[in-house]
Amino acid sequence: MEYSHSRLLLVCSVLMLCLCSGVAKCDKLTSELTGDFYDYTCPGLYTIVQQHVFAAMRDEMRMGASLLRLHFHDCFVNGCDASILLVGETGEQFARPNQNSVRGYEVIDAMKADIESVCPGVVSCADIVALAAAYGVLFSGGPYYEVLLGRKDGLVANKTGAENGLPAPFEPVSSIVQKFGDVGLDTKDVVVLSGAHTIGRARCGLFNNRLTSSGDPTLDSKMAANLQSLCTTGGDNQTTALDVESADVFDKQYYQNLLSKKGLLSSDQNLFSGAEDVVKATTKALVQTYSDDGEQFFMDFGASMVKMGSIKKTGVPGEIRTNCRVPNK
Ligand code: HEM
Ligand SMILES: *[C@@H]1O[C@H](CO)[C@@H](O)[C@H](O)[C@H]1NC(C)=O
Ligand SMILES: *[C@@H]1O[C@H](CO)[C@@H](O)[C@H](O)[C@H]1NC(C)=O
């Protein structure tokens, strides 16, 4: 008995060594998230998420952007734990940066239902959101990056956490850098991930601070006039492309826009324009790099997405939610 037990242990460790030698499979031993987490328990996961994202984007191209933002707003509050999906008055959905703004909840619900019917109780909502974001980027023409999986879903949402932790477009770069720093991301991540604004839309209420009568010297005057007329007619809820030149295509155009004063949000344009300090010198140089080198942008974007997707979950360990909108009983 004793003998066979230790022999089993030996076989196991040899097997681990073999699996681990040189291959990325070793991730399992060193970090929580891995690329192959569901390879044996739910290999159909990828196809299901892909099909749902594809269909949703065929109906409305913007949905790719919305799913990307959903993942960002999930990760910045309590880590990537699908806390943003939890319903209820104290939910993050009702926090200022999210209410009437974050989209894609129904698309996630539909994927989850299909995944549950194939492999019940196995795949976390947080992982589904992370994968959906990656396909949203890919199907918009952006880079492929390997999504690491194995997240757990949180038991609680944190509305205050969302209001305090998510950056606002009116904040100075230094304060946005600070908020990224609070979750382990650096100045480069701010510039790279802001590149997500190469796709998607924003509402007038979030950039009309730049449309004052005196004008914003860092906003192209023709673009300002167009926005002025759009927002006067449409009101605060009127939306327009974050990337005025190629709204639905994931490319380096976002950075080129900043060079020509065509960033939509103050937080976008400020990465390049305005008073200079040490931080601004860094962001400005990076904007210049990415405006020129789309391949570098794509590579760095994938790396920063993996970093953002690995923001550690806070609080109790968590669970695999059955219904993404409510914790399990
Ligand atoms: C750097 C600080 C950031 C600020 C201040 C910011 C702010 C905003 C604002 C105000 C909107 C428009 C919301 C609305 O109209 O309701 C928006 C949209 C968007 N944001 Fe950001 N954002 C930031 C970083 C990010 C990051 C890190 C990502 C993802 C990696 C991201 C992805 C998006 C996307 C894809 C949209 C369009 C969503 C859609 O069309 O549904 N943003 N952002
Ligand atoms: C919610 O987030 C705030 C930070 O804004 C934090 O102080 C608080 O502990 C969090 N609450 C929970 C229940 O995680
Ligand atoms: C914007 O839309 C929200 C949600 O539909 C609504 O509650 C709000 O009154 C609208 N605001 C304006 C200025 O139309």
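Looking at an unreviewed UniProt entry, the protein carries the name Peroxidase, with the source organism given as Brachypodium distachyon. According to its UniProt record, the protein has this under Subcellular location (unreviewed entry): "Secreted". Taken from UniProt, the Catalytic activity (unreviewed entry) comment for the protein reads in full: "2 a phenolic donor + H2O2 = 2 a phenolic radical donor + 2 H2O".

> Explain the pattern of salt bridges to me, please; I cannot follow it from the model alone.
Two side chains with opposite charge may pair up if their charged atoms get near one another. All told, the structure shown has 13 salt bridges when counted by the stated rule. With a closest N to O distance of 2.7 Å, arginine 325 and aspartate 109 form a salt bridge. Of this pair, arginine 325 sits in the segment after helix H14 (294-308) while aspartate 109 sits in helix H5 (residues 105-118), placing them 216 residues apart in sequence. Taking relative accessible area as the criterion, aspartate 109 reaches 26% and is therefore assigned partly exposed. Linking arginine 201 and aspartate 248 is a salt bridge whose minimum nitrogen-to-oxygen distance equals 3.3 Å. Here the residue arginine 201 occupies a position in strand E1 (residues 201-203), and aspartate 248 occupies one in the loop between strand E2 (239-241) and helix H11 (253-259), the gap between them amounting to 47 residues. With relative accessibility at 25%, the residue aspartate 248 sits in the partly exposed group. Three or more residues joined by partner-sharing salt bridges are found here, namely Asp186, Asp189 and Lys307.

> Hey, could you run me through the site of ligand 2 in this one?
Around ligand 2 sit Asn158, Thr160, Gly161 and Asn164, and those are all the residues in its vicinity. Contact distances for ligand 2 include 2.4 Å between an oxygen atom and a side-chain N or O atom of asparagine 158. With respect to ligand 2, the side chain of asparagine 164 contributes an N or O atom lying 3.0 Å from an oxygen atom. Bound to the protein, ligand 2 loses 37% of the 360 Å² it would expose on its own. Class assignment for the residues of the shell around ligand 2 results in no nonpolar, four polar and no charged.

> I keep staring at the domain arrangement of the protein and nothing clicks. Help me out?
Accessible area lost upon the coming together of the parts is a frequently used measure of interface size. Under the domain assignment, the protein is made up of domain 1 (5-166 + 305-309) and domain 2 (173-304). Just the C-alpha atoms count here: the centres of domain 1 and domain 2 sit 26 Å apart. The interface is formed by 23 residues belonging to domain 1 together with 22 residues belonging to domain 2. Across the contact surface, domain 1 and domain 2 share two salt bridges. Note that lysine 307 is salt-bridged to aspartate 189, the shortest N-O span being 2.6 Å. Put simply, domain 1 and domain 2 have 14 residue pairs in polar contact (both at pLDDT 80 or more) between them. Counting residues per element, the ones that place at least two in the side of domain 1 that touches domain 2 are helix H4 (63-75), helix H7 (159-165) and H14.

> Help me understand the coordination of the iron atom of ligand 1, please; the structure alone is not making it clear to me.
Ideal geometry at a metal gives 109.5 degrees between four tetrahedral donors and either 90 or 180 degrees between six octahedral ones. The protein gives the iron atom of ligand 1 a lone donor atom, His197 (NE2), placed 2.1 Å from the metal. Note that histidine 197 resides in the loop between helix H9 (187-194) and E1.

> What should I look at first to understand a nonpolar patch on the surface in this one?
On the surface, Leu155, Val156 and Val316 cluster together into a nonpolar patch covering about 250 Å² of accessible area. For leucine 155, the location among the structural elements is in the loop between helix H6 (125-138) and H7.

> Looking at this model, I keep getting lost on helix H13 (residues 278-292). Mind explaining?
Here H13 contains 15 residues, and its C-alpha end-to-end distance of 22 Å stays within 8% of the 21 Å for a straight helix at 1.5 Å per residue. Restricting attention to buried positions, one finds in H13 the residues Lys280, Thr283, Leu286, Val287, Tyr290 and Ser291. Along the long axis of H13, the arc covered by the buried residues comes to 135°, so they all point the same way. For H13, the exposed residues set more than 90 degrees away from the buried face come down to Val278 and Asp292. On its buried face, H13 is in contact with helix H8 (173-182), H9, H11 and H14. Near the N-terminus of H13, the side chain that reaches the backbone nitrogen of valine 279, with its oxygen 3.1 Å away, is that of aspartate 277.

> Is there a simple way to think about the state of the cysteines in this case?
One way to say it: the disulfide is the covalent bond shared by the sulfur atoms of two cysteines. In this structure the tally under the stated criterion is four disulfides. Assigning the bonded cysteines of the protein consecutive numbers by sequence position, one obtains the connectivity 1-4, 2-3, 5-8, 6-7.

> How do you make sense of the packing of H9 against H13 when you look at a structure like this?
Helix packing for two helices is described by the angle between their axes and how far apart those axes are. Close contact between H9 and H13 brings their axes to 10 Å; oriented N to C, the two are set at 40°. One way to sum up the angle between H9 and H13 is to call them oblique. As H9 packs across H13, the resulting crossing turns out to be right-handed. On H13, the residues that touch Thr187, Lys188, Val191 and Val192 of H9 are Val279, Thr282, Thr283, Leu286, Val287 and Tyr290. For the contact of H9 with H13, the per-class residue count stands at six nonpolar, three polar and one charged.

> It is not clear to me how the UniProt feature "binding site: Ca(2+) 2" (unreviewed entry) in the protein should be interpreted in this structure. Could you clarify?
In this numbering, the UniProt entry assigns the feature "binding site: Ca(2+) 2" (unreviewed entry) to Thr198, Asp243 and Asp251. Despite a sequence span of 54 residues, these residues sit close together in the fold, their greatest C-alpha distance being 9.7 Å. Here threonine 198 shows up in the loop between H9 and E1. You can call threonine 198 buried: its relative accessible area is 0%. When neighbours within four sequence positions are excluded, threonine 198 is seen to be in contact with Asp243, Ser246, Ala247, Val249, Phe250, Asp251 and Tyr254. A polar side-chain atom of threonine 198 sits 3.0 Å from the main-chain carbonyl oxygen of valine 249. The exposure class assigned to aspartate 243 is buried, which follows from its relative accessible area of 0%. If near-sequence neighbours (up to four positions away) are discounted, aspartate 243 is found in contact with His197, Thr198, Val249, Asp251, Gln253, Tyr254 and Asn257.

Cut-off values and rules
Residues numbered from 1 in each chain as written. Chains lettered and ligands numbered in written order. Predicted model: local features only at pLDDT ≥ 70, side-chain atom pairs only at ≥ 80, totals over all residues. Heavy atoms only, no water. UniProt positions renumbered as here; feature names shortened; annotations may be inferred. Salt bridge = Lys/Arg side-chain N within 4 Å of Asp/Glu carboxyl O. Helix = DSSP H or I, 4+ residues; strand = E, 2+ residues; numbered from the N terminus. Buried < 20%, exposed > 50% of the residue type's maximum accessible area, 1.4 Å probe, protein only. Near = heavy atom within 4 Å. Polar contact = N/O pair within 3.5 Å; in protein donor to acceptor, adjacent residues only side chain to side chain. Areas by Shrake-Rupley, 256 points an atom, 1.4 Å probe, with all protein chains shown as cover. Nonpolar A, V, L, I, M, F, W, Y, C, P; charged D, E, K, R; others polar. Domains from an automatic or database assignment. Contact = heavy atoms within 4.5 Å. Donors = N, O, S within 2.8 Å, 3.2 Å for Na, K, Ca; no water. Patch = residues over 30% accessible without salt bridge, like charges linked within 9 Å, V, L, I, M, F, W, Y side chains within 5 Å. Expected span 1.5 Å × (residues − 1). Arc of directions from axis to C-beta. Disulfide = S-S within 2.5 Å. Axes fitted to C-alpha atoms, helices over the stretch in contact; angles between N-to-C directions. Parallel < 35°, antiparallel > 145°, perpendicular 65-115°, else oblique. Left-handed = near helix turned anticlockwise from the far one by under 90°.

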